[in-house]
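# Examination of the molecular architecture
Okay, here's what each chain looks like letter by letter:
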Amino acid sequence: MKIAFIGQQEFGKAVLEVFLARGDEVVGVFCVPEKAGARPDALRVAAQALHLPVFQFSSLKSSYAEQAMRDLHADIGVMAYVVQFAPQTFVNIPRCGTIQFHPSLLPRHRGPSSISWPIALGETRTGISIFRPTDGLDEGPLVLQKACDITPDETLGELYFNKLFPMGVAALLEAADLVTAGQHREQAQDESQASYEGWYHEEESRINWANHVDQVYNLIRACNPAPGAWTVLGDTRVWLYDCRKHPVRGFAGVRGKPGEIAGLTDSGLLINSHGGQIEVLKLKPEGGAKMNAAEFARERGLVTPAA
């Protein structure tokens, strides 16, 4: 099939490569323009290395973007991790229209941080959706879905790279074949089950130690490796990464107020929350590199020898 490809970064690159590897023709690649000083877009670099036509329009709503799409005479458009708004006048140009990837089980968790929110909310199941893009954000009819479990200690990075990333690549191939063969079924999203959440940024990732230990642990998992859940220890802002959760079973196990350092273990630093402690194994102080949390606490004098 002749594919017009829209995407960016490593996921877009991986999807591009699997379509090419099986013999499909990518007639053009649309990438978001990189900002000055930003890391080079992996998809753009790969496409140019393969001598594919690359388009970097500041807006896909422009007449120039639409004309470029028309000139490709594509069978299908494939959207793999797209942050630009793509209007109907653009996505409907390919002969069989366009399909788009989203890393959640739509209509749940529409929006840009759809991997983080299910973890932060303590959900145990998520997945990927392939759908028809419309002018509503992540609201178009579904073509294909695949589900997977979120295990109790799974982080954002583990869930994405071990499960959602490979599932998404395979599902885009499967959906493209179904659509171009006219063998797919489109199903409207159930609005009664829909949710939308915005970006998981700095304010969302700040730890409130007065919350229950389960909420704190889920927040840390949802932000690992990015943007990183953060707090202030002593007078230093730190981002927490690898952690363990230790529930308190009775009053005798309470060792201070929420947010206080409860002590050290052989490998980490214990911080109190309601219902237990978080054992921080790895953190990154502001202006520094990731390091062992117990080592950080000793260096900063955050625990007494008896702690």
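Thresholds applied
- Residues numbered from 1 in each chain as written.
- Predicted model: local features only at pLDDT ≥ 70, side-chain atom pairs only at ≥ 80, totals over all residues.
- Heavy atoms only, no water.
- Helix = DSSP H or I, 4+ residues; strand = E, 2+ residues; numbered from the N terminus.
- Buried < 20%, exposed > 50% of the residue type's maximum accessible area, 1.4 Å probe, protein only.
- Polar contact = N/O pair within 3.5 Å; in protein donor to acceptor, adjacent residues only side chain to side chain.
- Pairing = 2+ DSSP bridges.
- Salt bridge = Lys/Arg side-chain N within 4 Å of Asp/Glu carboxyl O.
- Contact = heavy atoms within 4.5 Å.
- Phe/Tyr/Trp six-rings, centres within 6.5 Å; stacked < 30°, edge-to-face > 60°.
- Lys NZ or Arg CZ within 6 Å of the ring centre and 35° of its normal.

## Re the side chain of Ser-104
Checked against the element boundaries, Ser-104 lands in the loop between strand 5 (98–102) and helix 5 (116–120). A residue is classified by how much of its surface remains accessible, and Ser-104, at 0% relative accessible area, is buried. At a separation of 2.6 Å, a polar atom in the side chain of Ser-104 contacts the main-chain carbonyl oxygen of Arg-108.

## What to know about the sheet that holds strand 15 (residues 291–292)
Spatial strand order, 8-9-14-15: four strands in an open sheet with antiparallel pairing. In this open sheet, the two edge strands, each paired with only one partner strand, are strand 8 (229–233) and strand 15. Both strand 9 (residues 236–240) and strand 14 (residues 282–285) contribute to a ladder of three bridges, which runs antiparallel. Note that in strand 14 the partner of Leu-240 across the bridge is Leu-283.

## Observations concerning the pairing of strand 14
Of the two faces of strand 14, only the one carrying Leu-283 and Pro-285 is buried; Lys-282 and Lys-284 on the other face are not. Where strand 14 lies against strand 15, two bridges are found, and the strand directions are antiparallel. By the bridge assignment for strand 15, Lys-282 is matched with Asn-292. Taking the residues that link successive antiparallel strands as the turn, the strand 14-strand 15 hairpin has five residues, and the phi of Gly-287 there is positive, at about 85°.

## A short note on the pattern of salt bridges
As a working rule, side chains carrying opposite charge can pair if their charged atoms are close by. Overall, the coordinates contain 15 salt bridges when judged by the stated rule. Residue Lys-146 pairs with Glu-174 through a salt bridge whose shortest N-O separation is 3.3 Å. You can see Lys-146 sitting in strand 7 (residues 142–149) and its partner Glu-174 sitting in helix 6 (residues 156–180), a full 28 residues away along the chain. Judged by its relative accessible area of 31%, Lys-146 is partly exposed. A residue is classified by how much of its surface remains accessible, and Glu-174, at 33% relative accessible area, is partly exposed. Here the salt bridges share partners, and the residues they tie into one network are Arg-22, Asp-24 and Asp-177.

## Topic: the environment of Thr-151
Looking at the secondary structure, you find Thr-151 in the loop between strand 7 and helix 6. Residue Thr-151 is classed as partly exposed on the basis of its relative accessible area, which comes to 37%. For the pair formed by Thr-151 and Thr-231, sequence separation is 80 residues and the distance between their alpha carbons is 25 Å. Contact partners of Thr-151, with chain neighbours within four places excluded, come to Lys-163 and Arg-221.

## Some details on the packing of aromatic side chains
Applying the stated rule across the entire model yields 10 aromatic pairs. In textbook terms, an aromatic cluster arises when at least three aromatic residues are bridged by ring pairs, as seen for Phe-11, Phe-101, Tyr-160, Phe-161 and Phe-165. Geometry around Trp-230 places Arg-237 over its ring, the cationic atom sitting 3.9 Å from the centre. In this structure, Lys-290 is placed above the aromatic ring of Tyr-241, and the distance from its NZ or CZ to the ring centre is 4.1 Å.

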